[in-house]
Amino acid sequence: MLTIAAIAQLLIAAAFVSIPLVRHRYGAAAKAAAEAELNRQGVRPGVLAEHGMRFDAGGHETWAPLSIALVMAALAGLNLAASPWGQTLTWICQALVLIVNVVILYSNLTAAKSIEHAFAKTGDPELARIDVRRFLAAAEGAFPRWVMPWLQNARHAIVFGGSILVLVALLVA
């Protein structure tokens, strides 16, 4: 059962690695599309950078998923070695990964509303008039069709299903 848990953890690690890989590959195109949409809306192009909005693999979009992937891979190694530490740490970390993925899913589902709220809080009238849904649709449109929603949904399914499988495997082991 620990082997099954380890395989699921490696799949979860791969799912998290896909985030910065896709952003690295297509982020520049998404940024260009977002800026073009802002230009159509009469908003100056530098506003994204000024407010820390990115579509590439920089910052937390890289270190957070890669950190989770490394933890999952380390736990998989411990579980393959049948280390008691692997099981103990898996209970803690796998639960945290489930919670983190719930936050990611919520963030994905409420992105437009969250950005609208963040823009409104700045008090910047230029940001307040941005049609955020069109702006996000333009950025998302720059990613290949298989990324959204297919890769995104597959990643969530792997993380949620794999985490449940890991926890059940530990219960049975």
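Anything mentioned here points back to the structure above.
Given the structure is predicted, the values throughout are model-derived calculations rather than measurements. (Residues numbered from 1 in each chain as written. Predicted model: local features only at pLDDT ≥ 70, side-chain atom pairs only at ≥ 80, totals over all residues. Heavy atoms only, no water.)

Concerning the overall build of the protein
On a plain count of helices and strands, the protein comes out with eight helices and zero strands. Counting from the amino terminus, the protein carries its helices and strands in the arrangement α-α-α-α-α-α-α-α. For the C-alpha atoms alone, the extent of the protein along its principal axes is close to 60 × 30 × 20 Å. Counting across all 173 residues of the protein, residues that qualify as buried make up 39%. Within the protein, contacts between residues at least 6 apart in sequence are counted, and of these 83% link residues at least 24 apart. A total accessible area of about 9,500 Å² is found for the protein, and carbon and sulfur atoms account for 68% of it. Across the protein, the mean location of the 13 positive side-chain charges is 5 Å away from that of the 10 negative side-chain charges. (Helix = DSSP H or I, 4+ residues; strand = E, 2+ residues; numbered from the N terminus. Buried < 20%, exposed > 50% of the residue type's maximum accessible area, 1.4 Å probe, protein only. Contact = heavy atoms within 4.5 Å. Areas by Shrake-Rupley, 256 points an atom, 1.4 Å probe, with all protein chains shown as cover. Lys, Arg positive; Asp, Glu negative; His and termini not counted. Charge placed at Lys NZ, Arg CZ, Asp CG, Glu CD.)

Overview of the packing of aromatic side chains
Centre-to-centre distance and the angle between the planes together describe a pair of aromatic rings. If you walk through the whole model with that rule in mind, you get three aromatic pairs. Where Tyr26 meets Trp146, the ring centres are 6.2 Å apart and the plane angle is 80°; that geometry is what we call edge-to-face. In this pair, Tyr26 sits in helix H1 (residues 2-40) while Trp146 sits in helix H8 (residues 146-172), placing the two residues 120 residues apart along the sequence. Judged by relative accessible area, Tyr26 falls into the buried class, the value being 17%. An angle of 65° between the planes, with centres 6.0 Å apart, marks the rings of Phe55 and Phe135 as edge-to-face. A residue pair is termed long-range when its members are at least 10 positions apart, and Phe55 in the loop between helix H2 (47-50) and helix H3 (60-80) and Phe135 in helix H7 (residues 132-141) qualify at 80 residues. An identical accessibility class is assigned to Phe55 and Phe135; each is buried. Three or more aromatic residues joined by ring pairs form one cluster here, namely Tyr26, Phe143 and Trp146. (Phe/Tyr/Trp six-rings, centres within 6.5 Å; stacked < 30°, edge-to-face > 60°.)

Here's the deal with helix H5 (residues 111-122)
The periodicity of an α-helix, 3.6 residues per turn, causes residues three or four places apart in sequence to face the same way. Look at H5: 17 Å from first C-alpha to last across twelve residues, which is about the 16 Å you get at 1.5 Å a residue. Considered for burial, the residues of H5 that qualify are Ala112, Ile115 and Phe119. On an axial view of H5, the arc spanned by its buried residues comes to 70°, and they lie on one face. The outward face of H5, more than 90 degrees from its buried face, is lined by the exposed residues Lys113, His117, Ala120 and Lys121. Check the buried side of H5 and you find it contacts helix H6 (125-128) and H7. A positive backbone phi angle near 75° is found at Gly123, which sits one or two residues after H5. (Expected span 1.5 Å × (residues − 1). Arc of directions from axis to C-beta.)

Some points on H3
Taking 1.5 Å of rise per residue, the 21 residues of H3 would be expected to cover 30 Å, and the 29 Å separating its terminal C-alpha atoms lies within 8% of that figure. Of the positions making up H3, those classed as buried are Pro65, Ile68, Ala69, Met72, Leu75, Ala76 and Asn79. Down the axis, H3 shows its buried residues gathered within 125° of arc, on one side only. In H3, the exposed residues that point more than 90 degrees away from the buried face are Trp63 and Leu70. Positive phi appears at Ala82, one or two residues downstream of H3, with a value of about 60°.

Notes on the environment of Leu165
By the element assignment, Leu165 lies in helix H8. With residues up to four places along the chain from it excluded, the contact list for Leu165 reads Ile4 and Ala8.

Let's talk about the pattern of salt bridges
Throughout the structure, instances matching the rule amount to six salt bridges. Where Arg134 meets Glu37, a salt bridge forms, and the shortest distance between an N and an O atom there is 3.0 Å. With Arg134 in helix H7 and Glu37 in helix H1, this pair connects stretches of sequence that are 97 residues apart. Given a relative accessible area of 44%, Arg134 falls into the partly exposed group. Glu37 sits in the buried class, given a relative accessible area of 5%. When the shortest N-O distance is used, the salt bridge between Arg44 and Glu126 registers 2.7 Å. In this pair, Arg44 sits in the loop between H1 and H2 while Glu126 sits in helix H6, placing the two residues 82 residues apart along the sequence. Its relative accessible area of 34% is what places Arg44 among the partly exposed residues. We classify Glu126 as buried; its relative accessible area is 13%. (Salt bridge = Lys/Arg side-chain N within 4 Å of Asp/Glu carboxyl O.)

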